[in-house]
Amino acid sequence: MKLPDLDYIRPGTLQETIDLLVAYEGEAKLVAGGQSLMPMLAFRLLAPKILIDISRLPGLNAIDIGPDGVRLGALTTWRDIERHAALKTAHPLLAAAIAHVAHYQIRNRGTVGGSLAHSDPASEFPALVTTCDADVVVHGAGGERVVKGSEFVLGAMTTSLEPDEMITGIRFPAWPAARRWGFEEFARRRGDFAMAAAVVFYDLDAGGRAADPHIGIIGEPERAVRLAAVEDLLTGRVIDRDVIAEARAIGEQAAQTSDDIHTPAKYRKALIGTMIERALMTAAGLELRPVAA
Ligand SMILES: Cc1cc2nc3c(=O)[nH]c(=O)nc-3n(C[C@H](O)[C@H](O)[C@H](O)COP(=O)(O)OP(=O)(O)OC[C@H]3O[C@@H](n4cnc5c(N)ncnc54)[C@H](O)[C@@H]3O)c2cc1C
């Protein structure tokens, strides 16, 4: 379908962008890579008066790595992340998970800010922001504010952004080199949206036990969530096959899934359990046992 009639403007600065958002009082839509917005417009799921093209705003596509962590400008694309060699050691989980996002044509244009603002529950990036408790940096008429990753996505395609605000960056806390981690995703084809995924990391204490585990899942209908029940189970434990089997069972039970056009709720729960198991096996350096014939 063709796009609906609308106006288009490309501001040159962040302040001009905010002024336009204020002037249009919720009737404008920002467009960055357009990979999610354009289909929504074509399907008439949105009808803004004007598109504000932020794709060329200066200074918003930098990847900065420092002692405090990794900062991604909102206009950083999946391709920028993929090509950034230092990210693979500065934040290996981020680099590995982003490899699952979409197909290369979309990866060239799609941005981290667009993904987070769109907040599709099946998207990898909001799950990373939630599980890593990254800071989301937002600019609006009131200036800058920082929102905790766990509080940014409120539900399916719903965030805590005000109509006069835009995301300018995302800050991931520093990643200790010895941290254990795993990311596992199940999608029908590589590059499709996830049907289920698990984001897992923990540190090791002096006795080799898991400290401060973070377990996030994709597969619930509203948004990616952390599973406190699994995190509690893992805290202070040596992560071996028995603990992982327990984590899988508890994760499967804790996940709140529902029937949808892709899968019955029960099947998605089982997938989530399997993703948690596989991600923990990777994190612990254990090999998956082949399924008996
Ligand atoms: C076939 C297909 C497969 C895909 N597969 C996946 C996948 O497997 N995993 C995945 O995560 N994604 C997937 N995507 C989505 C893709 O990753 C998009 O790039 C991403 O979701 C949005 O980024 P964008 O820059 O294109 O945003 P846009 O489409 O430009 O914008 C999306 C929304 O975000 C708002 N927005 C954009 N930038 C900002 C900002 N800085 N501040 C505030 N609001 C902003 C827009 O107003 C709009 O509401 C897929 C898309 C397609 C078409």
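Residues numbered from 1 in each chain as written. Predicted model: local features only at pLDDT ≥ 70, side-chain atom pairs only at ≥ 80, totals over all residues.

**Details of the domain arrangement of the protein**
Structurally, the protein comprises domain 1 (7-53), domain 2 (63-173) and domain 3 (180-284). The C-alpha centroid of domain 2 is placed 19 Å from the C-alpha centroid of domain 1. Grouping the amino acids of the side of domain 1 that touches domain 2 by side-chain chemistry returns six nonpolar, six polar and one charged. (Domains from an automatic or database assignment. Nonpolar A, V, L, I, M, F, W, Y, C, P; charged D, E, K, R; others polar.)

**Here we look at the sheet that holds strand β13 (residues 210-218)**
Overall, antiparallel pairing links the four strands, which are arranged β11-β12-β13-β14 in an open sheet. The open sheet terminates on both sides in strands that have one partner only, identified here as β11 (180-186) and β14 (225-226). In this sheet, β13 lies alongside strand β12 (residues 196-204) in antiparallel orientation, the contact comprising seven bridges. Across the sheet, residue Leu204 finds its bridge partner in β13, namely Ala210. Against the sheet, helix α8 (residues 124-132) touches β12, β13 and β14, its axis set at about 155° to β13. (Pairing = 2+ DSSP bridges. Helix = DSSP H or I, 4+ residues; strand = E, 2+ residues; numbered from the N terminus. Contact = placed C-beta atoms within 7 Å. Axes fitted to C-alpha atoms, helices over the stretch in contact; angles between N-to-C directions.)

**As for the sheet that holds strand β3 (residues 50-53)**
Each strand in a sheet pairs with its neighbour through backbone hydrogen bonds, running either in the same direction (parallel) or in the opposite one (antiparallel). A sheet is described by the order of its strands in space; here three strands give the open sequence β1-β3-β2, paired in parallel fashion. The open sheet has two edge strands with one neighbour each: β1 (7-9) and β2 (28-31). Averaged over all pairs of adjacent strands, the angle between their axes in this sheet comes to 25°, without regard to strand direction. Strand direction decides the pairing type here: β1 and β3, joined by three bridges, are parallel. Its bridge partner being in β3, Asp7 is matched across the sheet by Ile50.

**Points about the site of the ligand**
With respect to spatial proximity, 31 residues lie near the ligand, and among them Gly33, Gly110, Gly113, Gly114 and Ala117 are the closest. For the shell around the ligand, the elements supplying multiple residues, two or more each, are β2, α2 (37-42), α7 (112-118), α8 and β10 (166-173). In terms of residue class, the shell around the ligand is made up of 15 nonpolar, twelve polar and four charged. (Near = placed C-beta within 6 Å.)

**A short note on helix α1 (residues 14-23)**
Residues Thr17, Ile18 and Leu21 constitute the buried set of α1. Down the axis of α1, the buried side of the element spans an arc of 95°, and every buried residue falls inside it. Exposed residues on α1 whose side chains face more than 90 degrees from its buried face are Gln15 and Ala23. With its phi angle positive at about 40°, Glu25 sits one or two positions after the end of α1. (Buried ≥ 20, exposed ≤ 12 C-beta atoms within 10 Å, placed from the backbone. Arc of directions from axis to C-beta.)

**Focus on the pairing of β2**
The two faces of a sheet get side chains in turn, since along a regular strand they alternate between them. Direction of pairing for β2 relative to β3: parallel, over a ladder of four bridges. Bridging across to β3, Leu30 finds its partner in Ile52. As for the winding sense of the linkage, the β-α-β connection from β2 through α2 to β3 is right-handed. (Right-handed = clockwise from strand over helix to strand, strands pointing away.)

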